[in-house]
Amino acid sequence: MGFGLLRKLKSNTRQLIFTADIFLHTIKRDLTKQPPKKLAEVGRLEPIKIEGKYETGQLFLHRIFGYRGVVLFPWSARVYDRDLHNPSKQSTEKQKLTESAFIIDKGKKIPSNNADVEKDKSGIIDVGTSDKQTIRQDSAVSNTETSSKEVKGKLHTFYQVLIDSRDCPFIRAQTEAVTFLGNQDSNRSLYAIPGLDYVAHDDIMPYSSAEKNPLHHELFEKFLAPDAEKDPPFKAHDTLKAWQEKNHPWLELSDVHRETTENVRITVIPFYMGCRETPASSVYWWRYCIRLENLGEMSVQLRERHWRIFSLSGTLETVRGRGVVGQEPILSARLPAFQYSSHVSLQAPSGHMWGTFRLEREDGHTFDCKIPPFSLESKPEDGTPEKIGTSSKHDGTE
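As the structure is a computational prediction, the values presented were derived from the model and not from experiment. (Residues numbered from 1 in each chain as written. Predicted model: local features only at pLDDT ≥ 70, side-chain atom pairs only at ≥ 80, totals over all residues. Heavy atoms only, no water.)

1. Quick look at the overall build of the protein chain
Item 1. From N to C terminus, the protein chain includes six helices and 23 strands.
Item 2. The long-range fraction of contacts in the protein chain, counting pairs at least 24 apart against all pairs at least 6 apart in sequence, stands at 72%.
Item 3. When the accessible area of the protein chain is evaluated, it comes to approximately 19,100 Å², of which 49% is carbon and sulfur surface. (Helix = DSSP H or I, 4+ residues; strand = E, 2+ residues; numbered from the N terminus. Contact = heavy atoms within 4.5 Å. Areas by Shrake-Rupley, 256 points an atom, 1.4 Å probe, with all protein chains shown as cover.)

So this is what it looks like as structure tokens:
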């Protein structure tokens, strides 16, 4: 079963147990609600690739969420890791976990309505002679350690993948996270492609399977065809190539932002979705994917969110609310990660977002976990996305 390989993949004992458990059980059932059933083998682990990329058709297990998937094609993205620009940050946090490091306004009531928005007229953009924009934030959501420093991006490989539909109900990530703008005459119409995801190279655990249909997804046979002479034994249909080319502007992953606060790492990936014209204005849309990952031993729970959204049209919005996407997820040693997507629209072709998540540890300690600042940039539009997914609805910034 390749457990020696698993030990090399992850030295952390709890992650090893978690991954092995997923591999054997194939996450088909919630073991906390159903009695244990017979173990089932889904395939055989293969060596991970330290160098090079995984090929189209490679089957894999997700290192964090455990689902089965298949690689469609790669993306090269710039990863802006703010922790790398502050090497003393983690050691300082481990030595001193105090609430005094954060300014928490306990006097304000946090609205529960996702759409609650308050305007803030304070300036936040400082444009220097180099034409590079630097976000300057007030003390309540300060990123003083790194916001004023230039964070250089490093190229990493990510993959567009399909998720096995059998695993979708059991993973802590939205399986309809990849959304597109719908009809041209509606600014709020979105549709989603179920079971489509983006996965970092380091989160791929490749495996092979002798099953005739190793992955269940309605697009699997439309995008991939068996080819016994290839390794992995699949080749891309012309349908996949055409779909990738047509939807490249809306699918493209280019920038990834990461930052860690008190052993909780936040990863943000923004995507430009397009512009919708009305007689009165132009509305630009973005989606963003957020992963929260607990790197510590103590459980934490997400309680509140606080967003700042700046548009180059000159507006600054503050969005507060309970939880995200209707949930207040717990990040434990057993289930350390949670991932979701949301949307934002501006009446300007570019802007910035940043903020904090209010988290509560199991010992009662609360702290604000920084969401790394990221840019919202538009792109030239040559066409409209090809609709393959199901309809969806925009329900506010999460």
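After that view, the rundown keeps rolling.
2. Here's the deal with the environment of His306
Item 1. Turning to its location among the elements, His306 is positioned in strand 17 (residues 300-311).
Item 2. What makes His306 buried here is its relative accessible area of 9%.
Item 3. Note: C-alpha distance between His306 and Trp354 (48 residues apart in sequence) is 8.6 Å. (Buried < 20%, exposed > 50% of the residue type's maximum accessible area, 1.4 Å probe, protein only.)

3. Structural notes on empty space enclosed by the protein
Item 1. One pass over the structure, following the stated rule, counts two cavities of 30 Å³ or more.
Item 2. If you add up the space inside the largest cavity, you get close to 60 Å³.
Item 3. What lines the largest cavity is Ala177, Val178, Leu196, Asp197, Tyr198, Phe271, Arg287, Cys289, Gln339 and Ser341.
Item 4. Elements supplying a minimum of two residues to the lining of the largest cavity: strand 10 (196-200), strand 16 (282-294) and strand 20 (337-346).
Item 5. The dominant element in the lining of the largest cavity, judged by the number of residues it contributes, is strand 10, at three residues.
Item 6. Class assignment of the residues belonging to the lining of the largest cavity gives a composition of six nonpolar, two polar and two charged. (1 Å grid on protein atoms, 1.4 Å probe; cavity = no way out; pocket = protein on both sides within 12 Å on 5 of 7 lines; lining within 4 Å. Points joined across faces, edges and corners; volume = space filled by probe spheres on them. Nonpolar A, V, L, I, M, F, W, Y, C, P; charged D, E, K, R; others polar.)

4. Points about the pattern of salt bridges
Item 1. This structure, assessed with the given rule, holds 17 salt bridges.
Item 2. With a closest N to O distance of 3.0 Å, Lys379 and Glu252 form a salt bridge. Pair noted here: Lys379 is in the loop between strand 22 (366-377) and strand 23 (390-393) and Glu252 is in the loop between helix 6 (248-251) and strand 14 (255-261), with a separation of 127 residues, a long-range link.
Item 3. Residues participating in the shared-partner salt-bridge network are Arg303, Glu304, Arg322, Glu328, Arg358, Glu360 and Asp368. (Salt bridge = Lys/Arg side-chain N within 4 Å of Asp/Glu carboxyl O.)

5. As for the side chain of Glu293
Item 1. Relative to the assigned elements, Glu293 resides in strand 16.
Item 2. Each residue touching Glu293, except ones within four places of it in the same chain, is listed here: Ile64, Asn263, Val264, Arg265, Leu331, Pro336 and Ala337.

6. Regarding the confidence of the model for the protein chain
Any region with low pLDDT has predicted coordinates that should not be read closely.
Item 1. Overall, the predicted model of the protein chain reaches an average pLDDT of 77, with 69% of residues at or above 70.
Item 2. Between residues 1-33, whose pLDDT stays under 50, and residues either more than four places distant or in other chains, the model counts 68 contacts.
Item 3. Note that pLDDT drops below 50 for residues 389-394; the model gives that stretch 18 contacts with residues more than four away or on any other chain. (pLDDT = per-residue confidence, 0-100.)

7. With respect to the environment of Glu259
Item 1. Structurally, the position occupied by Glu259 is in strand 14.
Item 2. Of note is the side chain of Glu259, whose polar atom sits 3.3 Å from the side chain of Arg82. (Polar contact = N/O pair within 3.5 Å; in protein donor to acceptor, adjacent residues only side chain to side chain.)

8. Focus on the nonpolar core
Item 1. If you look at the biggest cluster of nonpolar residues, it comprises 36 residues, and the most contacted ones within it are Leu72, Leu162, Leu196, Phe223, Trp243, Leu251 and Leu253.
Item 2. With six residues, the top contributor of residues to this core is strand 3 (residues 68-81).
Item 3. Aside from chain neighbours lying at most four places away, what touches Leu162 is Arg68, Gly69, Val70, Leu72, Gly195, Leu196, Leu215, His217, Leu219, Phe220 and Phe223.
Item 4. Counting residues in hydrophobic clusters, the runner-up holds 29 residues, among them Tyr288, Val324, Tyr340 and Phe374. (Core = buried A, V, L, I, M, F, W, Y, C linked by side-chain atoms within 4.5 Å.)

9. Re the pairing of strand 2 (residues 59-62)
Item 1. The alternating pattern of strand 2 places Leu59 and Leu61 and Phe60 and His62 on opposite faces, both of which are buried.
Item 2. Pairing of strand 2 with strand 3 involves three bridges; the strand directions are antiparallel. Among the inter-strand pairings, Leu61 is bridged to a residue of strand 3, identified as Arg68.
Item 3. Turn length for the strand 2-strand 3 hairpin, with the two strands adjacent in sequence and antiparallel, is five residues, and the turn residue Gly66 shows positive phi of about 80°.
Item 4. By the bridge criterion, three bridges tie strand 2 to strand 11 (residues 204-208) in an arrangement that is antiparallel. Looking at the pairing, Leu61 lines up with Met205 of strand 11. (Pairing = 2+ DSSP bridges.)

10. Some details on the packing of aromatic side chains
Item 1. Scanning all chains against the criterion turns up 12 aromatic pairs.
Item 2. Each ring, one from Phe73 and one from Trp75, has its centre 5.6 Å from the other, and the planes form 75°; the classification is edge-to-face.
Item 3. For Trp75, a relative accessible area of 7% translates into the label buried.
Item 4. Among the aromatic residues, those joined into a cluster by ring pairs are Tyr288, Trp307, Phe357 and Phe374.
Item 5. Note that Arg287 overlies the ring of Phe271, its terminal NZ or CZ placed 4.2 Å from the centroid. (Phe/Tyr/Trp six-rings, centres within 6.5 Å; stacked < 30°, edge-to-face > 60°. Lys NZ or Arg CZ within 6 Å of the ring centre and 35° of its normal.)

11. Some words on unusual backbone geometry
Trans is the common state for peptide bonds, and a negative phi is the common state for residues other than glycine.
Item 1. Cis rather than trans, the peptide bond between Asp231 and Pro232 has omega equal to 0°.
Item 2. The topology assignment puts Pro232 in the loop between strand 12 (224-226) and strand 13 (234-236).
Item 3. For Asn263, which is not glycine, the phi dihedral falls at a positive 70°.
Item 4. Tracing the chain through its elements places Asn263 in the loop between strand 14 and strand 15 (264-277).
Item 5. Even without being glycine, Val325 reaches a positive phi, approximately 40°.
Item 6. Inspection of the secondary structure puts Val325 in the loop between strand 18 (316-322) and strand 19 (330-331).

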